[in-house]
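Spelled out from the first residue to the last, the chains are:
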Amino acid sequence: MANTALADPDAGLTQAQLAARYGLRVAGERPSLADYSRRLWHYRHFIAAYANAKLVASYSNARLGQLWQVLTPLTNAAVYFLIFGIVLEQNSIPNFIAYLCTGLFIFNFTQTAAQNGTQAISGNLGLIRALHFPRACLPLAITVTQFQQLLGSLVVLLAIVLVTGEPITLAWLILVPAVLLQTIFNAGLTMAVARMGAKVSDLRQVMPFVMRAWMYGSGVLYSVVLFEKSLPGWATKLVEFNPMLVYIELARVALLEEAPVLNSSLPQLWLVATGWAIVMGVGGYLYFWRGEQEYGRG
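Just so it is clear, the model here is predicted, and its values are computed rather than measured. (Residues numbered from 1 in each chain as written. Predicted model: local features only at pLDDT ≥ 70, side-chain atom pairs only at ≥ 80, totals over all residues. Heavy atoms only, no water.)

Assigned secondary structure in the chain consists of 14 helices and 0 strands. Starting at the N terminus and walking to the C terminus, you meet the elements of the chain as α-α-α-α-α-α-α-α-α-α-α-α-α-α. The 298 residues of the chain split such that 44% are buried. Across the chain, contacts joining residues at least 24 apart in sequence account for 80% of those joining residues at least 6 apart. (Helix = DSSP H or I, 4+ residues; strand = E, 2+ residues; numbered from the N terminus. Buried < 20%, exposed > 50% of the residue type's maximum accessible area, 1.4 Å probe, protein only. Contact = heavy atoms within 4.5 Å.)

This part takes up the packing of aromatic side chains. In total, this model carries 11 aromatic pairs according to the counting rule given. Pairing Phe96 with Tyr99 gives two aromatic rings, centres 6.5 Å apart and planes at 25°, and the pair type is stacked. Pair noted here: Phe96 and Tyr99 are both in helix H6 (residues 96-117), with a separation of 3 residues, about one helical turn. Since its relative accessible area comes to 0%, Tyr99 is described here as buried. Ring pairing ties together the aromatic residues Phe107, Phe185, Trp214, Tyr247 and Trp276, which thus form one cluster. When the ring centre of Tyr287 is taken as origin, the NZ or CZ atom of Arg195, which lies over that ring, is 4.4 Å away. Sitting over the face of the ring of Tyr99, Arg252 holds its NZ or CZ atom 3.6 Å from the ring centroid. (Phe/Tyr/Trp six-rings, centres within 6.5 Å; stacked < 30°, edge-to-face > 60°. Lys NZ or Arg CZ within 6 Å of the ring centre and 35° of its normal.)

Another point: the pattern of salt bridges. The final tally for this structure, using the stated rule, is 2 salt bridges. Here Asp35 ties to Arg38 by a salt bridge, and the two come within 3.9 Å at their closest N and O atoms. Linking Asp35 with Arg38, this pair stays in helix H3 (residues 33-42), spanning 3 residues, or about one helical turn. Given a relative accessible area of 49%, Arg38 falls into the partly exposed group. (Salt bridge = Lys/Arg side-chain N within 4 Å of Asp/Glu carboxyl O.)

What follows concerns the UniProt feature "transmembrane region" (unreviewed entry) in the chain. When the UniProt feature table is mapped onto this chain, "transmembrane region" (unreviewed entry) is found at residues 67-87, 93-110, 137-164, 170-194, 206-227 and 269-288. Helix makes up 83% of residues 93-110 and strand 0%. Its end C-alpha atoms lie 24 Å apart. As annotated, residues 170-194 has a helix share of 80% and a strand share of 0%, and its two end C-alpha atoms lie 38 Å apart. (UniProt positions renumbered as here; feature names shortened; annotations may be inferred.)

In this model, helix H14 (residues 266-290) (25 residues) spans 36 Å end to end at C-alpha, consistent with the 36 Å of a helix rising 1.5 Å per residue. Taken together, the buried positions of H14 are occupied by Leu269, Val272, Ala273, Ala277, Met280, Gly281, Gly284, Tyr285, Phe288 and Trp289. Residues of H14 that are buried in the fold lie against H3, helix H8 (137-163), helix H9 (175-199) and helix H13 (243-255). (Expected span 1.5 Å × (residues − 1).)

Their axes nearest at 10 Å, the elements H6 and helix H10 (residues 203-216) cross at an angle of 160°. On the basis of the axis angle, H6 is roughly antiparallel to H10. Note that H6 runs across H10; the crossing there is right-handed. Packed against H6, whose contacting residues are Phe107, Thr110, Gln111, Ala114 and Gln115, the element H10 presents Met207, Pro208, Met211, Trp214 and Met215 at the interface. Counted by class, the contact of H6 with H10 contains 7 nonpolar, 3 polar and no charged residues. (Axes fitted to C-alpha atoms, helices over the stretch in contact; angles between N-to-C directions. Parallel < 35°, antiparallel > 145°, perpendicular 65-115°, else oblique. Left-handed = near helix turned anticlockwise from the far one by under 90°. Nonpolar A, V, L, I, M, F, W, Y, C, P; charged D, E, K, R; others polar.)

Turning our eyes to something else, we now look at the confidence of the model for the chain. Of the residues in the chain, 80% have a pLDDT of 70 or more, and the chain-wide mean is 82. Per-element mean pLDDT across the chain ranges from 50 in helix H1 (residues 2-7) up to 95 in H9. (pLDDT = per-residue confidence, 0-100.)

Moving on, we come to the nonpolar core. One finds Tyr247 and Leu255 to be the most contacted residues of the largest nonpolar core, which totals 54 residues. Contributing elements (two or more residues each) for this core: H6, H8, H9, H10, H13 and H14. The dominant element in this core, judged by the number of residues it contributes, is H6, at 11 residues. What Tyr247 contacts, discounting residues up to four positions off in sequence, is Ile106, Ala178, Leu181, Gln182, Phe185, Ala273, Trp276 and Ala277. (Core = buried A, V, L, I, M, F, W, Y, C linked by side-chain atoms within 4.5 Å.)

What follows is about the side chain of Asn124. Structurally, Asn124 is set in the loop between H6 and helix H7 (125-130). Within polar-contact distance, the side chain of Asn124 engages the backbone oxygen of Ala120 at 2.8 Å. When neighbours within four sequence positions are excluded, Asn124 is seen to be in contact with Tyr50, Gln119 and Leu138. (Polar contact = N/O pair within 3.5 Å; in protein donor to acceptor, adjacent residues only side chain to side chain.)

Take a look at the structure:
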């Protein structure tokens, strides 16, 4: 018996002890945050390529192709202008067409990213189970795809702004950091809903209702001044911290000379916009990373 014990140095060790002795690790184990971030950076080219492929594939069966990424928000703007601009006579707002289109295009950037993010994991289980890569690549690719679509939409938006009589000013430059902050916010939001969507499959069905309520609360279709007239002071203060309202307000301040805005000062808008980008960007990333080992497991 003694000779047998000496011949087998692993005798009596538990599975955990054996794994530690031979340097074995659990398959799919969550790496440290620093290691995960380094690996994600190494996959940046994969994220870009995957985003481009998704963008092309999304319009491959449509006769007009990628033109729909511009036609879709334009069609929505035409419908809402008919209802709010003509039927409900919101024309008291200076340049209501540009005001409406700015709100719709900016909000659509976040709306589409969040809705698609709910399926970032559940809609790519085959890829997740076949290849080993940081799963955050998938929601980030969705953000990149929507950012590319936004760039095309912004070209159309700038044309609308010019055609409707707005001048080109240095304030247009405000749009660049505002969109970048919104992109960081969207990345965090997309990662957060991606993890939630991996756990709760019904989130995809609920998200359109959530986004619709968010749109009505963000002053997309009507003057944000109505909030100050209709809500008590404390409620108005809460509305001023609505991230989508803030990003839309910054875009309108940049493009429109006489856009009605809340009483928030421009520095306050920037402070809230930056705060939301940091909180959601970092928080969404950490929340997604903590669930890394769960993705793709039956």
